[in-house]
Amino acid sequence: MEQVITQESTPVRAYLGLLVGVAAVSLGAIFIRLAQSEGLPSLTVATGRLSIAAFLLTLVVLCRPDYRAQVRRLGRQDALLILLGGFFLAAHFATWVTSLEYTTVLISVVLVTTTPIWVALLERVFLRTRLPAAVLLGLLIVLIGGTMIAVNGDDGGVSSRPLLGGTLALLGAVAVAVYLVVGRRLRATLSLTPYIWLVYGTGALFLLAGLLRTGIEVAGYSAAGYGWVVAVALMPQLVGHTFLNYALAYLPATYVSISTQLEPVLSTIVAYFVFAEMPGVWQVVGGAIIMAGVLVASVGQSRASRTLKRLNP
């Protein structure tokens, strides 16, 4: 019988885990900006983030015989999917981290959290799933918000190249959407920890290849800069995503998805105090409209999924 998640059956630690997870991922943009302020190139920050996380997960996987057994059972098709997922995860971090050089924390984080809409669109194109009307409405709302930001270009004088920054953040959202769609196939055969270890490690290798290709230096920066890279690997990457996945075991996916829309709000508040970054009026209004569009799409997609499960038990 399908377990129904209710208020009474949900432990308090699930809500605390969700709170910790959202707070941790909200610090990602802040730590990245602090590393960039120490002179570290964006690609170096992105590579360090995934490499450190993959190394720490290696220690966990090596200590678990069941995890090692799952990895050994992977076939050629699974290996190709891991390569594909790792590539798009690397593309996500390369584009999104770089976007923070050019636009405000608010716009960068708002645009990169439009991922649920792109996941729904990708599933429609490649998996032939039916696209709920709410997702189309959410996409329309997102486009209105994005157009409002692009046309007015009011960022309070904070951004150096806001259009480029916004475009990179949006590309980051699309890239991580592909990563998530690919991951749904792999998660049928892999537990969470060995799965993220494989894709984090593969993504780190792609980013390292990018560093070698571009000739960007990875040494010679301040200790503080490297410290912020470690912080971004530990807090948003490991702590944040671990607690969000923990919350998903007890709370509906829609509830968790909606809660993660607090990330742009929290990131913007922290950016104001740390960097004195005050977004322009149109950025705030457009960002709020985009967040509303993502919420509409997320709720609509969740309702459609529940209806489909009832019709096809």
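Conventions adopted
- Residues numbered from 1 in each chain as written.
- Predicted model: local features only at pLDDT ≥ 70, side-chain atom pairs only at ≥ 80, totals over all residues.
- Heavy atoms only, no water.
- Helix = DSSP H or I, 4+ residues; strand = E, 2+ residues; numbered from the N terminus.
- Contact = heavy atoms within 4.5 Å.
- Patch = residues over 30% accessible without salt bridge, like charges linked within 9 Å, V, L, I, M, F, W, Y side chains within 5 Å.
- Areas by Shrake-Rupley, 256 points an atom, 1.4 Å probe, with all protein chains shown as cover.
- Salt bridge = Lys/Arg side-chain N within 4 Å of Asp/Glu carboxyl O.
- Buried < 20%, exposed > 50% of the residue type's maximum accessible area, 1.4 Å probe, protein only.
- Phe/Tyr/Trp six-rings, centres within 6.5 Å; stacked < 30°, edge-to-face > 60°.
- Lys NZ or Arg CZ within 6 Å of the ring centre and 35° of its normal.

1. What about the overall build of the chain?
Piece 1. The helix and strand tally for the chain stands at 14 helices and zero strands.
Piece 2. Reading the chain from its N end, one meets helices and strands in the order α-α-α-α-α-α-α-α-α-α-α-α-α-α.
Piece 3. A separation threshold of at least 6 residues defines the contact pool for the chain, and within that pool the share at least 24 residues apart is 89%.

2. Comments concerning a nonpolar patch on the surface
Piece 1. On the surface, Leu-262, Val-265, Leu-266, Ile-269, Tyr-272, Phe-273, Val-274 and Met-278 cluster together into a nonpolar patch covering about 750 Å² of accessible area.
Piece 2. Mapping Tyr-272 onto the fold places it in helix α13 (residues 263–275).
Piece 3. Among the residues examined, Tyr-272 registers a relative accessible area of 41% and is labelled partly exposed.

3. A short note on the pattern of salt bridges
Piece 1. As enumerated under the stated definition, the model contains two salt bridges in all.
Piece 2. Residue Arg-33 is joined to Glu-277 by a salt bridge in which the shortest nitrogen-to-oxygen separation is 2.7 Å. Here the residue Arg-33 occupies a position in helix α2 (residues 28–37), and Glu-277 occupies one in the loop between α13 and α14 (281–311), the gap between them amounting to 244 residues. As far as burial versus exposure is concerned, Arg-33 and Glu-277 are alike and both buried.
Piece 3. When the shortest N-O distance is used, the salt bridge between Arg-64 and Asp-66 registers 2.7 Å.
Piece 4. The class for Arg-64 is partly exposed, based on a relative accessible area of 35%.
Piece 5. Of the residues examined, Asp-66 reaches a relative accessible area of 34% and is grouped as partly exposed.

4. Quick notes on the packing of aromatic side chains
Piece 1. If you walk through the whole model with that rule in mind, you get seven aromatic pairs.
Piece 2. Between Phe-87 and Phe-88, the aromatic rings sit 5.2 Å apart at their centres with planes inclined by 85 degrees, giving edge-to-face as the arrangement.
Piece 3. Assessed through its relative accessible area of 41%, Phe-87 is described here as partly exposed.
Piece 4. On the accessibility criterion, Phe-88 (23% relative accessible area) is partly exposed.
Piece 5. Consider the rings of Tyr-272 and Phe-273, whose centres lie 5.3 Å apart with planes at 80 degrees: the pair is edge-to-face.
Piece 6. The residue whose ring lies beneath Arg-33 is Phe-275, and the NZ or CZ to ring-centre distance is 5.8 Å.

Any link to function would need more than the numbers given here.
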